[in-house]
Amino acid sequence: MNFFYFASPSTFYRLAGILAPWCFAVAAILGAAGLYVGLVQAPTDAQQGEVYRVIFIHVPAAWMSMFLYFVMACYGAMSLTFNTRLAAMMARALAPTGAMFTFVALWTGAFWGRPTWGAYWVWDARLTSELVLLFLYFGFIALGNAFEDPRRGDRAAALLALIGVVNLPIIYFSVLWWNTLHQGSSVSFKGTSMHVSMLTGMLLMAFAFWSYSIGTALARVRTIILERERRTRWVRAL
Amino acid sequence: MNHDFYIWMSYGMTALVIAAEIAWLRLHRAQALRRIEEERDLEAQD
Amino acid sequence: MKPRTRRAIWIVSGLAALGIASALVLNAFQSNLVFFFTPSQVAAHEAPSGRAFRIGGLVEAGSVVHEKDALTVHFRVTDTAQTIPVVFTGHLPDLFREGKGVVAQGRLMGDGTFHASDVLAKHDENYMPPEAAEALRKAGHPIDKAAFAGQKGKS
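Residues numbered from 1 in each chain as written. Chains lettered and ligands numbered in written order. Predicted model: local features only at pLDDT ≥ 70, side-chain atom pairs only at ≥ 80, totals over all residues.

A. Region of the structure containing the overall build of chain C. A count of helices and strands for chain C gives three helices and six strands. Burial status across chain C gives 32% buried among its 155 residues. (Helix = DSSP H or I, 4+ residues; strand = E, 2+ residues; numbered from the N terminus. Buried ≥ 20, exposed ≤ 12 C-beta atoms within 10 Å, placed from the backbone.)

Structure, rendered in structure tokens:
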């Protein structure tokens, strides 16, 4: 089998059609397990009481918002250097889901900040850079659609995605580099400062979001392929 | 301290946007398929 | 909608998104990267004088005094090296506790007291059930100190 077998839109269309439902099923199972562990099994927090349970959405969504941007930028780089159609389409397919998770991270953060910090929103480095990420996603989506020729839109958007990558380390390390109201990371490469069942719930939710993101990206790329290749013979034959 | 409101607002909005995204995905796909169908019909008439 | 109109809308919204993003970045670099100053920084005159700014630190244990009207509260903010007395009238956040992190916005008066217009609680990144926290406290490892671990300007 050719290495680039799945890099052709028509074969990838079929592969994505098989994989996407499985991703959604896995996401639903992991999500249900994560919600059970997070909302039923995990104990009340010593400092914050019940409201800390927002963490089970907030942190996984924030992780996904950054990770999806990174993957999107990688696909963008791939489409710019190798001029591959499918990579550009994958980058486009990831953007709305990334924007959605960024919004969720900001929204849940606001409704977590009000009862704990005493404010829905503050302009500290962590919150501001995450808001910048949301506007980078919006800019990517808008720029991609601003050209008559979708391939030109691909290139412009990919360039923006690559420039925006500098924002990712700023978001992640903002709580270390500057004085912020936002607390530091509970989970890092060095270890964790969370009780084990709380951590389990959060990781289950993170994997659920992960699987959901792959599912939506595959489902969306199928639609993009249909739109762009609608004049080809294989689409006509569907 | 009762924080039910904040928890519900967080989980509720998350459920809402996920539902909205899935609905939007289905709508988008239906539109693309309809367009292919229309073009195929037009060609059949020629 | 004509394709050209649609494209124009996308161009305008794209420019708007990028404009807002860069405005946020510029604004952040101008003033907001440093969200608060520690008492040590204030003592070293690193904080802006003559305008409102934020101070951050731990609420010194035993320093919280409520006035008779129950709305005005006095407390001291410390980073263990320096301490600033704070006066605040208003509603305190739920997580405002002695020995915990706090960020107050306001002005430094001539007599060295800080008149706060806003008080925010800064909690740490530790999550554990009450029993575990109690066990830690008994063992002599209270979890409070982590709230400001790794923050700049502690010295």
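B. Spatial organisation of the overall build of chain A. A tally of helices and strands in chain A yields eight helices and two strands. The order of helices and strands in chain A, counted from the N terminus, is α-α-α-α-α-α-β-β-α-α. In terms of overall size, chain A behaves like a compact globule, its C-alpha atoms giving a radius of gyration of 20 Å where 238 residues would be expected to give roughly 18 Å. Structurally, chain A occupies a C-alpha span of about 65 × 35 × 30 Å along its principal axes. Counting all 238 residues of chain A, 56% fall into the buried class. (Rg over C-alpha atoms; globule rule 2.2 N^0.38 Å.)

C. How the structure looks around helix α6 (residues 167–177) of chain A. Among the residues making up α6 of chain A, those that are buried are Ile170, Ile171, Ser174 and Val175 of chain A. Buried residues along α6 of chain A cover an arc of 125° about the axis, so they all sit on one side. (Arc of directions from axis to C-beta.)

D. The interface of chain A and chain C, seen in detail. In this complex, chain A contributes 42 residues to the contact, which on the side of chain C involves 41 residues. Listing elements by their share of the side of chain A that touches chain C, those giving two or more residues are α3 (85–116) and α4 (125–145) of chain A. If you tally residues by element for the side of chain A that touches chain C, the top one is α4 of chain A, at eleven residues. Of the residues that constitute the side of chain A that touches chain C, the class distribution is 23 nonpolar, 16 polar and three charged. (Contact = placed C-beta atoms within 7 Å. Nonpolar A, V, L, I, M, F, W, Y, C, P; charged D, E, K, R; others polar.)

E. View of helix α1 (residues 4–45) of chain B. Helix length check: α1 of chain B, at 42 residues, gives a terminal C-alpha distance of 61 Å against a target of 62 Å (1.5 Å per residue), a fit within 8%. Considered for burial, the residues of α1 of chain B that qualify are Tyr6, Ile7, Ser10 and Thr14 of chain B. (Expected span 1.5 Å × (residues − 1).)

F. Region of the structure containing the interface of chain B and chain A. Chain B puts 20 residues into the contact, and the matching count from chain A is 26 residues. Taken together, the residues of the side of chain B that touches chain A break down into eleven nonpolar, four polar and five charged.

G. Fine view of the pairing of strand β4 (residues 83–89) of chain C. All names here are of chain C. Here β4 shows a buried face lined by Ile84, Val86 and Phe88 and an unburied face lined by Thr83, Pro85, Val87 and Thr89. Across seven bridges, the pairing between strand β3 (residues 72–78) and β4 is antiparallel. Paired with Thr72 across the strands is Thr89, a residue of β4. Hairpin connection between β3 and β4: a loop of four residues separates the two successive antiparallel strands, and Thr80 in this loop has a positive phi of roughly 75°. (Pairing = 2+ DSSP bridges.)

H. Inspection of the packing of helix α2 (residues 55–82) of chain A against α6 of chain A at higher detail. Residue and element names in this part refer to chain A. The N-to-C vectors of α2 and α6 enclose an angle of 160°; their axes lie 10 Å apart at closest approach. The angle between the axes of α2 and α6 places the two elements in the roughly antiparallel class. Where α2 crosses over α6, the two elements pack in a sense that is left-handed. Only Leu168, Ile171 and Tyr172 of α6 make contact with α2, whose side of the interface consists of Met66, Tyr69 and Phe70. Residue classes in the contact of α2 with α6 are distributed as six nonpolar, no polar and no charged. (Axes fitted to C-alpha atoms, helices over the stretch in contact; angles between N-to-C directions. Parallel < 35°, antiparallel > 145°, perpendicular 65-115°, else oblique. Left-handed = near helix turned anticlockwise from the far one by under 90°.)

It is worth stressing that arrangement in space is one thing and function is another; only the former is reported here.
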